[in-house]
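Below, each chain spelled out in residue letters.
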Amino acid sequence: MKANLSNMNNAYRVNQQQMALNILLNQKKSVTKGSVDTFIRSDNTLTDAGLYSAFGVKKNGYISDALLTLINNDVSNVVKHGEVYECAGVRFTADQIPEVDMDLLSEIKAKNNVLDFGKNNYFKYVSSDGVEHAVYTSDKGIGDVNSEDMRGAAYDETLQKYVDFWLYMTADDPVYIGLSYSDEEIRQFLNEAGMENGFFTVKMGNKEATQFYSGGKNEGAIHSKEKYDIQYKHITSTGLRFTDYEPGCIFKIGDKEYVLSENRTLDIPYGADIYNIKYPENYRFGKKIE
């Protein structure tokens, strides 16, 4: 039996899960020193003293969806006692954790250059080799599914590389991403997600950030919005970008040509790919070739 994770976005189901979770948490808070006796240890075995009684092991069937959400949202909610896990006052073993059903999970793709991973959401990443990898979005961002790790799933290097990449994309400035990913890998992840050149936004849990995806090959694929805005200002307003060029010089940005003004500025629209630029042919490194 596998967990029906696709139904978790249903409003009624979420409400029922929250009610169950509140009951669990209230039970945990209400446990007194005397009530610890509901957990009975006999010959190193665990006995269920009520389906969800405090410190009781849920032996019949799988743990609830509400408890599964609590585990996957923050693994620090879980304490391990030998081979037994405890979360929100409920004790259970690894074989009582439902397996993620990959067939019920959807891929997340960008819409209008916005990639929204959601919150408390299960989805799958399909790598270039066709393998499906389960992913979960917690309050803090995306990662592998904690409950799968607890079931004994092997370390997934491909998934970790995917997760780390998108976590980079929620940074204020992903300037160091080139230390971990090649330009080809960066473009592969962005293209797989359906991103087009230009500004794009990534949302996950409580995080959100906007970056710029350049089609240029000389200045890298990814630039923070803040750095883009600074460069755009120098190109269109201050003239600091082209102080060594003479007015009338022709620059090509993307597939369009622009003439340098007397103030050494270019009249280009906001959002133009300023990193995909070709300089005047009679200049080299800002110096005119005589």
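Conventions used here
Residues numbered from 1 in each chain as written. Predicted model: local features only at pLDDT ≥ 70, side-chain atom pairs only at ≥ 80, totals over all residues. Heavy atoms only, no water. Helix = DSSP H or I, 4+ residues; strand = E, 2+ residues; numbered from the N terminus. Polar contact = N/O pair within 3.5 Å; in protein donor to acceptor, adjacent residues only side chain to side chain. Contact = heavy atoms within 4.5 Å. Pairing = 2+ DSSP bridges. Axes fitted to C-alpha atoms, helices over the stretch in contact; angles between N-to-C directions. Buried < 20%, exposed > 50% of the residue type's maximum accessible area, 1.4 Å probe, protein only. Phe/Tyr/Trp six-rings, centres within 6.5 Å; stacked < 30°, edge-to-face > 60°. pLDDT = per-residue confidence, 0-100. Arc of directions from axis to C-beta. Patch = residues over 30% accessible without salt bridge, like charges linked within 9 Å, V, L, I, M, F, W, Y side chains within 5 Å. Areas by Shrake-Rupley, 256 points an atom, 1.4 Å probe, with all protein chains shown as cover. Salt bridge = Lys/Arg side-chain N within 4 Å of Asp/Glu carboxyl O. Core = buried A, V, L, I, M, F, W, Y, C linked by side-chain atoms within 4.5 Å.

1. Focus on the side chain of N72
In this structure, N72 sits in helix α2 (residues 65-73). From its side chain, N72 meets the backbone nitrogen of N146 in a polar contact 3.1 Å long. Beyond its immediate stretch of four places on either side in the chain, N72 contacts Y122, Y136, S138, V145, N146 and S147.

2. Re the sheet that holds strand β15 (residues 222-224)
Think of a sheet as strands paired side by side through backbone hydrogen bonds, with each pair either parallel or antiparallel. If you walk across this open sheet you meet the 4 strands as β9-β13-β14-β15, and the pairing is mixed. Sheet topology places β9 (114-116) and β15 at the edges, where each strand pairs with a single neighbour. Strand-to-strand twist in this sheet, taken as the mean axis angle between neighbours without regard to direction, amounts to 30°. Running at roughly 80° to β15, helix α6 (residues 225-238) makes contact with β13 (198-204), β14 (207-213) and β15 of the sheet.

3. Let's talk about α2
The element α2 is extensively covered by neighbouring structure, given that 8 of its 9 residues are classed as buried. Buried within α2 we find D65, A66, L67, L68, T69, L70, I71 and N72.

4. Remarks on the environment of K124
Note that K124 resides in strand β10 (residues 121-126). Taking relative accessible area as the criterion, K124 reaches 11% and is therefore assigned buried. Beyond its immediate chain neighbours, meaning those up to four positions away, K124 contacts M102, L105, S106, E107, I108, E132 and H133. One polar contact links K124 to E132, side chain to side chain, over a distance of 3.0 Å.

5. Focus on the packing of aromatic side chains
Aromatic ring pairs: the centre-centre distance and the angle between the two ring planes describe each pair. Per the counting criterion, the structure on display carries 26 aromatic pairs. Considering the side-chain rings of Y168 and Y181, the 6.1 Å spacing of their centres and the 85° angle between planes classify their relative orientation as edge-to-face. Here the residue Y168 occupies a position in helix α4 (residues 157-168), and Y181 occupies one in the loop between α4 and α5 (183-192), the gap between them amounting to 13 residues. With a relative accessible area of 5%, Y181 lands in the buried category. Ring-pair connections join several aromatic residues into one group, and the members of that group are F117, F123, Y125, Y162, F165, W166, Y168, Y181 and F189.

6. Some points on the confidence of the model for the protein
Of the residues in the protein, 77% reach a pLDDT of 70 or more, and the chain-wide mean stands at 82. Mean pLDDT values over the elements of the protein span from 26, in strand β2 (residues 40-42), up to 98, in β9. In the model, residues 4-56 has pLDDT below 50 throughout and makes 70 contacts with residues more than four positions away in sequence or in other chains.

7. Looking at α5
Three- or four-residue spacings in an α-helix give side chains the same orientation, since the helix completes a turn every 3.6 residues. Turning to α5, its buried residues number three or more, namely I186, R187, F189 and L190. One side of α5 holds all its buried residues, which, seen down the axis, span an arc of 160°. Residues of α5 that are buried in the fold lie against β10, α4, β13, β14 and β15. In the segment just after α5, G194 is the residue with positive phi, at about 90°.

8. As for the sheet that holds strand β17 (residues 256-259)
An order of β17-β16-β18 is seen for the 3 strands of this open sheet, with the pairing classed as antiparallel. What marks the edges here is a single partner per strand, and that holds for β17 and β18 (277-278). Bridge count for strand β16 (residues 250-253) against β17 is 4 bridges, and the pairing is antiparallel. Each bridged residue has a counterpart across the sheet, and for F251 the counterpart in β17 is Y258.

9. Some remarks on a nonpolar patch on the surface
Taken together, the side chains of V175, Y176 and L179 make up a nonpolar region of the molecular surface, amounting to roughly 370 Å² of accessible area. By secondary structure assignment, the location of L179 is in the loop between α4 and α5. A relative accessible area of 72% means that L179 is categorised as exposed.

10. A look at the environment of I63
On the secondary structure map, I63 appears in the loop between β4 (56-57) and α2. Looking at I63, the relative accessible area reads 5%, which means it is buried. A C-alpha to C-alpha distance of 7.4 Å links I63 and P98, two positions 35 residues apart in sequence.

11. Some points on the nonpolar core
One finds F117, I142, Y162, F165, W166, L190 and M195 to be the most contacted residues of the largest nonpolar core, which totals 27 residues. Elements with a minimum of two residues in this core: β10, α4, α5 and β13. Apart from residues no more than four positions distant in its own chain, L190 is found in contact with F165, W166, M195, F200, Y213 and I222. Among the nonpolar cores identified, the runner-up in size contains 20 residues, and I71, F92, A134 and Y136 belong to it.

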